[in-house]
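Take a look at the letters that make up each chain.
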Amino acid sequence: MRLILKVTWPLMLATGIVFLACSFSQWKGDKKMNEMPKGLVVFSVNDKPPLCAKWKDNMPKVRNEDAYRKYIAARKLFRSKVEYQFSREELEWIFDNVKIAADRGDWGAKALLAKFLREGLGPLSSNRVLEQHAERAVKISLEAMEAGQPWGFYDLGVAYEHGYGGIEYSPSIAWAYYLKAAKLGSPDAQMALSQAYMDAGKREFALTMMECAYRQGHGAAAYELALLNDVTGKPSEALALYHAGVKFGSQPSASFLSIAFRSQRHEEEILKPLGFAIDVERARRYDIIADALAINPDLRFSRLDEVLPLPPKPLPEWRGIEAAMTPEPEGPPTY
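Residues numbered from 1 in each chain as written. Predicted model: local features only at pLDDT ≥ 70, side-chain atom pairs only at ≥ 80, totals over all residues. Heavy atoms only, no water.

With respect to the side chain of H218
With respect to the helices and strands, H218 occurs in the loop between α9 (203-215) and α10 (219-231). Excluding residues that lie within four positions of it along the chain, H218 makes contacts with P187, D188, M191, A213 and F248. (Helix = DSSP H or I, 4+ residues; strand = E, 2+ residues; numbered from the N terminus. Contact = heavy atoms within 4.5 Å.)

This is the structure:
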């Protein structure tokens, strides 16, 4: 018995040391994975919101025209119908052209490629051309982040918030990325911060971030501001913001106005206080735009007032949704 103890005691001690060393190494590895990345700071709802920045100010000034044209052509086709309606050949063409444009350095194409890799492409067995590759999507986001682009920081925040693509789940790191993205002008990040401030009862801070995103033409920000004005009894401001949201591509804004101009309840709450009444033709035009945005959220309607102005301006002749759409920009492509 004594002999066995003499033999096993050193062995047990050695085993324990190895175990502790491995545990310490694992702890160090986990700690390192959850350390705040360099250049980021912890987000707190008690801190003042960041200064209002514009995302375009942090994008390259020059854009490769050939790559841009390939990307735009592919994106237009991709946004022309819902995904299950595409043939495999169409989705292959879309993916190939987006990848070519991304490989040539177009950041819009890189962002869309990351979306395809994150979500997959082709929802049916008959048209599936790409399975999900979250790790590859995160790699593109890291590349964008290293280039100082707002959307890269925002996408990495999403990855940390949900823990995918080889990224360790960490809400604190996620919000640090959102804060950095907001500082660089990402309207999505500005809206994320706005929601956090609102949840914490910091209404003034929340409005600061929301209005910052709104000034960049962010449809979701216009819609949220419209809702806030609606519930606080400011129908005139709410109506103008819903209308601006349509210009910025907000499908919920277009849907709301379609209902508002045909609903008796909304007539009492919003229209009559402003001296307006139900207008079925106005409702129909907003409905057409809402349907189009449900398929293609990239659409923008800077010429909306030419075919669908707010009352009391009379409705001009309806010349189709194309007459309201933002025309293609002239000159060399920019971000």
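What about the packing of aromatic side chains?
Tallied over the full model, the rule gives 14 aromatic pairs. Ring geometry for W175 and Y178: centres 5.0 Å apart, planes at 85 degrees, overall edge-to-face. One end of the pair, W175, and the other, Y178, are both in helix α7 (residues 171-183), three residues apart, so they sit about a helical turn from each other. Between Y223 and Y242, the ring centres sit 6.0 Å apart and the planes meet at 55 degrees, which makes this aromatic pair tilted. Linking Y223 in helix α10 with Y242 in helix α11 (residues 235-247), this pair joins segments that are 19 residues apart in sequence. On the accessibility criterion, Y242 (0% relative accessible area) is buried. Above the face of the Y335 ring, R63 is positioned so that its terminal group lies 4.0 Å from the ring centre. Above the ring of W107, the side-chain terminus of K110 is found at 5.1 Å from the ring centroid. (Phe/Tyr/Trp six-rings, centres within 6.5 Å; stacked < 30°, edge-to-face > 60°. Buried < 20%, exposed > 50% of the residue type's maximum accessible area, 1.4 Å probe, protein only. Lys NZ or Arg CZ within 6 Å of the ring centre and 35° of its normal.)

Concerning the packing of α7 against helix α8 (residues 187-199)
Where α7 contacts α8, the axes come no closer than 8 Å and their chain directions differ by 120 degrees. In terms of orientation, α7 and α8 fall into the oblique class. Two packed elements cross with a definite hand, and for α7 against α8 that hand is left-handed. Contacts between α7 and α8 pair W175, Y178, L179, A181 and A182 from the former with A189, Q190, A192, L193 and A196 from the latter. (Axes fitted to C-alpha atoms, helices over the stretch in contact; angles between N-to-C directions. Parallel < 35°, antiparallel > 145°, perpendicular 65-115°, else oblique. Left-handed = near helix turned anticlockwise from the far one by under 90°.)

Some thoughts on the state of the cysteines
A disulfide bridge is the covalent bond that connects two cysteines by way of their sulfur atoms. This model, assessed by the stated rule, comprises one disulfide. C52 shares a disulfide with C212; S-S distance 2.0 Å. The sign of the 100 degrees torsion about the S-S bond sets the C52-C212 disulfide as right-handed. Highlighted residues: C52 in the loop between α1 (2-33) and α2 (65-78) and C212 in helix α9, separated in sequence by 160 residues. Of the residues examined, C52 reaches a relative accessible area of 42% and is grouped as partly exposed. (Disulfide = S-S within 2.5 Å.)

Quick word on unusual backbone geometry
A cis geometry characterises the amide bond from P311 onward to P312, with omega recorded as 15 degrees. Its location among the elements puts P312 in the segment after α15 (304-307).

Some thoughts on α10
In a regular helix each residue adds 1.5 Å, so 13 residues correspond to 18 Å; α10 covers 19 Å between its end C-alpha atoms and thus fits that length. Buried residues of α10: G219, A221, A222, L225, A226, L228 and N229, and no others. On its buried side, α10 packs onto α8, α9 and α11. (Expected span 1.5 Å × (residues − 1).)

Considerations on the pattern of salt bridges
This structure, assessed with the given rule, holds 18 salt bridges. The partner of E269 in a salt bridge is R265, and the shortest N-O contact between them spans 3.2 Å. Pair noted here: E269 and R265 are both in helix α13 (residues 264-271), with a separation of four residues, about one helical turn. What emerges from the salt-bridge pattern is a single network uniting R75, R79 and D298. (Salt bridge = Lys/Arg side-chain N within 4 Å of Asp/Glu carboxyl O.)

Description of the nonpolar core
Soluble globular proteins: nonpolar side chains tend toward being buried together. One finds V246, L257, Y286, I289, F301 and L304 to be the most contacted residues of the largest nonpolar core, which totals 36 residues. For this core, the elements supplying multiple residues, two or more each, are α9, α10, α11, α12 (251-260), α13, α14 (280-295) and α15. Setting aside its immediate chain neighbours within four residues, Y286 contacts H243, V246, A254, L257, S258, F261, L308 and L310. (Core = buried A, V, L, I, M, F, W, Y, C linked by side-chain atoms within 4.5 Å.)

So, the layout of surface pockets
In this structure, the second largest pocket occupies an estimated 180 Å³ of space. Listed by contribution, the elements that provide at least two residues to the lining of the second largest pocket are α3 (88-103), α4 (107-119) and α5 (134-146). Tallying contributions element by element places α5 first for the lining of the second largest pocket, with four residues. Classifying every residue of the lining of the second largest pocket gives four nonpolar, no polar and six charged. (1 Å grid on protein atoms, 1.4 Å probe; cavity = no way out; pocket = protein on both sides within 12 Å on 5 of 7 lines; lining within 4 Å. Points joined across faces, edges and corners; volume = space filled by probe spheres on them. Nonpolar A, V, L, I, M, F, W, Y, C, P; charged D, E, K, R; others polar.)

Structural notes on α7
It helps to recall that an α-helix has 3.6 residues per turn; residues three or four apart then point in one direction. A rise of 1.5 Å per residue sets the reference length of α7, with its 13 residues, at 18 Å; its end C-alpha atoms lie 18 Å apart and thus fit the reference within 8%. All buried positions along α7 are accounted for by I173, A174, A176, Y177, Y178, L179, A181 and A182.

Observations concerning the packing of α4 against α5
When two helices pack together, you describe them by how their axes are tilted relative to each other and by the distance separating the axes. Running from N to C, α4 and α5 point in directions that differ by 155 degrees, and their axes come no closer than 7 Å. Judged by the angle between their axes, α4 and α5 are roughly antiparallel. Judged by the sense of rotation from one axis to the other, the crossing of α4 with α5 is left-handed. Taking contact as the criterion, the partners of W107, K110, L113, A114, L117 and R118 in α4 are, on α5, A134, R136, A137, I140, E143 and A144. Grouping the constituent residues of the contact of α4 with α5 by class yields eight nonpolar, no polar and four charged.

Here's the deal with the side chain of R63
Mapping R63 onto the fold places it in the loop between α1 and α2. When its relative accessible area of 11% is taken as the criterion, R63 is described as buried. Among the polar contacts listed, one links the side chain of R63 to the side chain of D106, at a separation of 2.7 Å. When near neighbours in sequence (up to four residues on either side) are disregarded, R63 contacts Y68, Y71, D106, G108, P333, T334 and Y335. (Polar contact = N/O pair within 3.5 Å; in protein donor to acceptor, adjacent residues only side chain to side chain.)

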